[in-house]
Amino acid sequence: MKTTYNRSIRNMMRMCCLCAMAVLTANTQAQSKQDRITTMDGDVEIFPVSHASFVMRWKEMTIVVDPVGDSGAYKAFPKANLVLLTDIHQDHLNLKTLSTVIREDVKIVAPSAVAAMLTPELRDRTVILTNGQNATIAAISVEAMPMYNTTQGRLNYHVKGRGNGYVLAIGKKRFYISGDTEDIPEMRALKNIDAAFLCMNLPFTMTVDQAASAVNQFKPKMVYPYHYRGSDLESFKKLIANGNGVEVRLLTWYGK
């Protein structure tokens, strides 16, 4: 009887420990502010900053997407080797912030409408890509993708050809950064995307339904909602078709 009693106590303690570990893990995941993707040539680390801004780290490279806001938010990262700019709007382009996050030898990739708004010093460091063009910068392939609105009443927000989304090839993994766009045919036609950063908020980009519909068609291996202020991410997750192999990863772009 005593042996049975001791075994029951041990089992109960083991279950309590497992439950505590599960809660701790769940809380850690819920509060996660970064992620990591393994490639054939080192890991890519992903750090949300805010809204449309985030940082990617790969080996000795620091890649910053649309750096805006308080420059102090970028102090934890090495200065950028590569900056990707998508659009002229102030939630994507801030010259003061941009100037504080870059190295002397930085390469900036931008569409011509954005390059025209840069200082001469910054423009000298800029590779201008129009939709469909590509460049290779420090072993990273960068392809400029269209990003634009298609719905009546939103057409003037993002005109086709003005801004860029991007597809990056890093360590034989392909990363899609949507920029401000609706679920355009060019997005739906994407192939072999390992990780997609997808915007979803009204009135400027697309609805949760549009974003999920596009994901269900081009089927990235994983998708990160970003630029999602005011959107229902749980609804987005539910709309991703079961069995299509897409993993939804939620990181913290807003709040603490």
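Residues numbered from 1 in each chain as written. Predicted model: local features only at pLDDT ≥ 70, side-chain atom pairs only at ≥ 80, totals over all residues. Heavy atoms only, no water.

Q: Any chance you could explain the nonpolar core here in plain terms?
A: One recurring pattern in soluble globular proteins is that nonpolar side chains are buried together. Judged by nonpolar contacts, the single largest core of 57 residues is most densely connected at Leu84, Leu168, Tyr176, Leu198, Phe218 and Phe236. When residues in this core are grouped by element, the largest group, six residues, is from helix H6 (residues 208-218). Beyond its immediate sequence surroundings of up to four residues, Leu198 is in contact with Tyr176, Ser178, Met187, Met206, Ala211, Val215, Phe218, Val223, Tyr224, Pro225 and Tyr226. Val64, Val83, Leu85 and Val106 belong to the second largest nonpolar core, which has 19 residues in total. (Core = buried A, V, L, I, M, F, W, Y, C linked by side-chain atoms within 4.5 Å. Buried < 20%, exposed > 50% of the residue type's maximum accessible area, 1.4 Å probe, protein only. Helix = DSSP H or I, 4+ residues; strand = E, 2+ residues; numbered from the N terminus. Contact = heavy atoms within 4.5 Å.)

Q: Where do I start with the pattern of salt bridges in this structure?
A: Scanning the entire structure with this criterion turns up twelve salt bridges. Glu104 serves as the salt-bridge partner of Arg125, at 3.5 Å between the closest nitrogen and oxygen. Here the residue Arg125 occupies a position in the loop between helix H4 (120-123) and strand E7 (126-128), and Glu104 occupies one in strand E6 (residues 102-110), the gap between them amounting to 21 residues. Where Arg249 meets Glu247, a salt bridge forms, and the shortest distance between an N and an O atom there is 3.0 Å. Beyond isolated ion pairs, a larger network of salt bridges with shared partners links Asp35, Glu247 and Arg249. (Salt bridge = Lys/Arg side-chain N within 4 Å of Asp/Glu carboxyl O.)

Q: Looking at this structure, I do not really get the side chain of Gln210. What am I missing?
A: The topology assignment puts Gln210 in helix H6. Under the relative-accessibility criterion, Gln210 is labelled buried at 15%. Reaching out from Gln210, the side chain makes a polar contact with the backbone nitrogen of Thr207 at a distance of 2.8 Å. When sequence neighbours within four positions are dropped, the list of residues in contact with Gln210 reads Thr151, Arg154, Glu182, Asp183, Arg188 and Thr205. (Polar contact = N/O pair within 3.5 Å; in protein donor to acceptor, adjacent residues only side chain to side chain.)

Q: Honestly, the confidence of the model for the protein chain in this entry has me stumped. Any pointers?
A: Low-confidence regions, as indicated by low pLDDT, have predicted coordinates that should not be scrutinised in detail. Mean pLDDT over the protein chain stands at 88; residues scoring 70 or higher make up 87%. Ignoring residues within four places in sequence, the model shows residues 1-31, a span with pLDDT below 50, making two contacts including any to other chains. (pLDDT = per-residue confidence, 0-100.)

Q: For this particular structure, what's the right way to read the pairing of strand E10 (residues 165-170)?
A: The side chains of a regular strand alternate, residue by residue, between the two faces of the sheet. With five of six residues buried, E10 lies mostly within the body of the structure. Pairing of strand E9 (residues 140-145) with E10, which is carried by five bridges, proceeds in the antiparallel orientation. The residue of E10 that forms the bridge with Glu143 is Val167. Two elements, E10 and strand E11 (residues 173-177), share five bridges in a ladder whose sense is antiparallel. Each bridged residue has a counterpart across the sheet, and for Val167 the counterpart in E11 is Tyr176. (Pairing = 2+ DSSP bridges.)

Q: What should I look at first to understand the sheet that holds E11 in this one?
A: Two pairing modes exist for strands in a sheet, parallel and antiparallel, and in both the strands are linked by backbone hydrogen bonds. The strand order E8-E9-E10-E11-E12-E13-E14 describes an open sheet built from seven strands, whose pairing is mixed. The sheet terminates laterally at strand E8 (134-137) and strand E14 (247-248), the two strands that pair on one side only. Here H6 sits on the sheet in contact with E11, strand E12 (195-199) and strand E13 (222-226), set at roughly 160° to E12. (Axes fitted to C-alpha atoms, helices over the stretch in contact; angles between N-to-C directions.)

Q: Teacher, can you tell me more about the side chain of Asn244 here?
A: Examined against the element boundaries, Asn244 turns out to sit in the loop between helix H7 (233-239) and E14. Of note is the side chain of Asn244, whose polar atom sits 3.4 Å from the backbone oxygen of Ala241. Looking at Asn244, its side chain comes within polar contact range of the main-chain nitrogen of Val246, at 3.0 Å. When residues no more than four places from it in sequence are discounted, the contact partners of Asn244 are Asn216 and Lys219.

Q: Explanation requested: the packing of aromatic side chains in the structure shown.
A: The relation between two aromatic rings is expressed through the spacing of the ring centres and the mutual angle of the planes. Summed over all chains, the structure comprises ten aromatic pairs. Plain terms: the ring middles of Phe197 and Tyr224 are 4.9 Å apart, the flat faces sit at 10° to each other, and that makes the pair stacked. Of the two residues, Phe197 is situated in strand E12 and Tyr224 in strand E13; the sequence distance between them amounts to 27 residues. Assigned by exposure class, Phe197 and Tyr224 land together as buried. Plain terms: the ring middles of Phe197 and Tyr226 are 6.4 Å apart, the flat faces sit at 85° to each other, and that makes the pair edge-to-face. With Phe197 in strand E12 and Tyr226 in strand E13, the pair connects residues that are 29 residues apart, well separated along the chain. For the pair Phe197 and Tyr226, one class covers both residues: buried. Clustering of aromatic rings is evident, with ring pairs tying together Phe54, Phe197, Tyr224, Tyr226 and Trp253. (Phe/Tyr/Trp six-rings, centres within 6.5 Å; stacked < 30°, edge-to-face > 60°.)

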